[in-house]
Amino acid sequence: MNEHRQNAPGQVKEVTSLANPLIKSIKSLALKKFRDQQNAFMAEGLKLVIDALDLGWSIRTLVFAKSGIGNPAVERVAARTVAAGGTVLEVSEKVLSAITRRDNPQMVVGVFAQRFVPLKDIRPQNGDVWVALDRVRDPGNLGTVIRTVDAVGARGVILVGETTDPFSLETVRATMGSIFAVPVARATEDAFLAWRKGFHGLLAGTHLKGAVDYRSVDFSGRPVLLMMGNEQQGLPDALAQACDRLLRIPQAGRADSLNLAVATGIMLFEIRRAALTLDAGPA
């Protein structure tokens, strides 16, 4: 989905003051309330911004430090932003640090329009793998799951119930750019359960009770939806009952549970095992 505005060339401005309204507006994106109001979010780093543009995401503002002047890659991204109708801001490192809340910020920050996939448009085919996360709370966990979904070649993530924001600065950082490659949908529990009735694949959930070894299931030949529970409480009864299989990862040590992102990663690599070879990926 490319939202570039035709015949609306952007502007290049130099900004030195933290009191500048544009800077204040971008700084406010640290808070979910303002991200939702502006339907926007921040991504840091030249590579991420280039990846996002290459994948067709709509850039609203490009902010770059004065040290980027003369850098051919930064200049190309600035030109692409202007051509897409976005605004380019050349700022001091002090301003960039204030925006990112980092002492040594990346040289480039992009502000992009948020993008969610409507749940009704998700119709998994054979071999497709999706992850549903129930009330995921931790931005690091969500970002790591999105990055892992990207790494294993799964299709996307469905956020169920009240979850942490996939477009928060912390989540976006944890995805390492995969936020731009992995479709994300969101739904209430009721809406998800209604959609599930039309899902004709295997819905597998991780659960501590009545569950079988996750390695004992054949995931091939059908779409798979992996359902992972909330960090503290696991899957609620309604979601557990909606699963075709309840699975468990065996453990031998004293820890009685795994981190959500680690458990999701273990499950995803098992589900995608047949599709993953060293020959297929980058060296």
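In what follows, the structure referred to is the one given above.
Residue positions are counted from 1 within each chain, in the order its sequence is given. Restriction of local features to residues with pLDDT of at least 70 applies here, the model being predicted, together with a cutoff of 80 or more for giving and counting side-chain atom pairs; totals for whole chains, interfaces and linings are based on all residues. Side-chain figures throughout are based on the complete set of non-hydrogen atoms in the structure, without hydrogens or water.

### Remarks on the packing of helix H6 (residues 139–152) against helix H10 (residues 260–271)
Then, number 1: At a minimum axis separation of 9 Å, H6 and H10 run at an interaxial angle of 15 degrees. Of the possible angle classes, the one that applies to H6 and H10 is roughly parallel. When the axes of H6 and H10 are compared, the crossing they make is right-handed. Residue-level contacts link Asn 141, Thr 144, Val 145, Thr 148, Val 149 and Val 152 of H6 to Leu 260, Ala 261, Thr 264, Gly 265, Leu 268 and Phe 269 of H10.
Then, number 2: Its residues assigned to classes, the contact of H6 with H10 shows 7 nonpolar, 5 polar and no charged. Simply put, an axis is a line fit to the C-alpha atoms, just over the touching stretch for a helix, and the angle between two N-to-C directions goes from 0 to 180 degrees. Only DSSP runs of H or I covering at least 4 residues are called helices, and only runs of E covering at least 2 are called strands; the numbering of each starts at the N terminus. Angle categories: roughly parallel below 35 degrees, roughly antiparallel above 145, roughly perpendicular from 65 to 115, and oblique for all the rest. Helix crossings are classified by the rotation of the near helix relative to the far one: an anticlockwise turn of less than a right angle makes the crossing left-handed, while a clockwise turn makes it right-handed. We call two residues in contact whenever any of their non-hydrogen atoms come within 4.5 Å of each other. Residue polarity is assigned by list, with Asp, Glu, Lys and Arg as charged and Ala, Val, Leu, Ile, Met, Phe, Trp, Tyr, Cys and Pro as nonpolar; anything else, Gly included, falls into the polar class.

### Quick word on the side chain of Thr 164
Then, number 1: With respect to the helices and strands, Thr 164 occurs in the loop between strand S7 (156–160) and helix H7 (169–175).
Then, number 2: Contact partners of Thr 164, with chain neighbours within four places excluded, come to Val 136, Arg 137, Asp 138, Pro 139, Leu 142 and Leu 159.

### Considerations on the nonpolar core
Generally speaking, a soluble globular protein has its nonpolar side chains buried in company with each other.
Then, number 1: Counting residues in hydrophobic clusters, the biggest one holds 54 residues, and the most contacted among them are Phe 112, Leu 133 and Phe 180.
Then, number 2: When residues in this core are grouped by element, the largest group, 6 residues, is from H10.
Then, number 3: Among residues more than four places away in sequence, those in contact with Phe 112 are Asn 39, Ala 40, Phe 41, Ala 43, Val 49, Ala 52, Trp 57, Ser 58, Ile 59 and Phe 180.
Then, number 4: By nonpolar core is meant a set of buried Ala, Val, Leu, Ile, Met, Phe, Trp, Tyr and Cys residues that side-chain atoms within 4.5 Å join together. Exposure classes here rest on a 1.4 Å probe applied to the protein chains alone. A residue is buried below 20% of its type maximum, exposed above 50%, and partly exposed in between. Among the nonpolar cores identified, the runner-up in size contains 20 residues, and Leu 203, Leu 225, Leu 235 and Ala 240 belong to it.

### Some points on the sheet that holds strand S6 (residues 129–134)
Pairing between the strands of a sheet is mediated by backbone hydrogen bonds and can be parallel or antiparallel.
Then, number 1: Strands sit in the order S8-S7-S6-S11-S9-S12-S10 across an open sheet of 7 strands; the sheet is parallel. The open sheet has two free edges, formed respectively by strand S8 (184–187) and strand S10 (212–213), since each of these has just one partner strand.
Then, number 2: Here S6 pairs with strand S11 (residues 224–228) via 5 bridges, running parallel. Across the sheet, the residue bridging to Ala 132 is Met 227, located in S11.
Then, number 3: Sheet strands in contact with H10 are S6, strand S9 (202–206), S11 and strand S12 (245–248), and its direction is about 160 degrees off that of S11. The criterion for strand pairing is that DSSP finds at least two bridges linking the strands in question.

### Observations regarding helix H8 (residues 189–196)
Then, number 1: Residues of H8 that are buried: Phe 192, Leu 193, Trp 195 and Arg 196. Buried residues of H8, seen end-on, are gathered within an arc of 160 degrees and therefore sit on one face of the element. To be clear, the arc concerns the directions from the helix axis to the C-beta atoms.

### So, the sheet that holds strand S2 (residues 40–44)
Then, number 1: Taken together, 5 strands build an open sheet; the order of strands is S1-S4-S3-S5-S2 and the sheet is mixed. Of all strands in the sheet, those with a lone pairing partner are strand S1 (11–15) and S2, marking the two edges. The sheet shows a mean angle of 20 degrees between the axes of neighbouring strands, direction not considered.
Then, number 2: Here strand S3 (residues 59–65) runs beside strand S4 (residues 87–91); their pairing, made up of 5 bridges, is parallel. When the sheet's bridge partners are listed, Thr 61 is paired in S4 with Thr 87.
Then, number 3: Sheet strands touched by helix H3 (residues 46–54): S2, S3 and strand S5 (108–113). Its angle to S5, the strand with the most contacts, is close to 30 degrees.

### Some details on the packing of aromatic side chains
Then, number 1: The pairing test for Phe, Tyr and Trp rings, Trp by its six-membered ring, is centres within 6.5 Å, and the orientation test on the planes gives stacked under 30 degrees, edge-to-face over 60, and tilted for anything in between. Taken as a whole and judged by the stated rule, the model has 10 aromatic pairs.
Then, number 2: The interplanar angle of 35 degrees and the centroid separation of 6.2 Å between the aromatic rings of Phe 41 and Phe 112 together place this pair among those described as tilted. With Phe 41 in strand S2 and Phe 112 in strand S5, this residue pair connects regions lying 71 residues apart in the sequence.
Then, number 3: For Phe 41, a relative accessible area of 0% gives the class buried.
Then, number 4: Taken together, a centroid distance of 5.3 Å and an interplanar angle of 85 degrees make the contact between Phe 116 and Phe 167 edge-to-face. One end of the pair, Phe 116, is in the loop between S5 and S6; the other, Phe 167, is in the loop between S7 and H7, with 51 residues separating them in the sequence.
Then, number 5: Look at Phe 116 and you get partly exposed, because its relative accessible area is 22%.
Then, number 6: For Phe 167, a relative accessible area of 1% translates into the label buried.
Then, number 7: Through a chain of ring-to-ring contacts, the aromatic side chains of Phe 41, Trp 57, Phe 112, Phe 116, Phe 167 and Phe 180 assemble into a single cluster.
Then, number 8: Lysine NZ or arginine CZ positioned within 6 Å of the ring centre and within 35 degrees of the ring normal marks a charge as sitting over the ring. Directly above the aromatic system of Trp 57 lies the positively charged group of Arg 115, at a separation of 4.2 Å from the ring centroid.
Then, number 9: Over the face of the ring belonging to Phe 116 we find Arg 186, whose NZ or CZ atom lies 3.8 Å from the ring centre.

### Side note on the environment of Gly 153
Then, number 1: Secondary-structure assignment places Gly 153 in the loop between H6 and S7.
Then, number 2: Taking relative accessible area as the criterion, Gly 153 reaches 34% and is therefore assigned partly exposed.
Then, number 3: Separated by 29 residues in the primary sequence, Gly 153 and Val 182 place their C-alpha atoms 9.4 Å from one another.

### Points about the pattern of salt bridges
Then, number 1: Any carboxyl oxygen of Asp or Glu that lies within 4 Å of a side-chain nitrogen of Lys or Arg is treated as forming a salt bridge with it. For the structure shown, the criterion picks out 13 salt bridges.
Then, number 2: For Asp 121, the salt bridge goes to Lys 120, with nearest N and O atoms at 3.3 Å.
Then, number 3: Residue classification places Asp 121 among the partly exposed residues on the basis of a relative accessible area of 39%.
Then, number 4: By sharing partners, the salt bridges in this structure join Glu 44, Arg 102 and Arg 173 into a single network.

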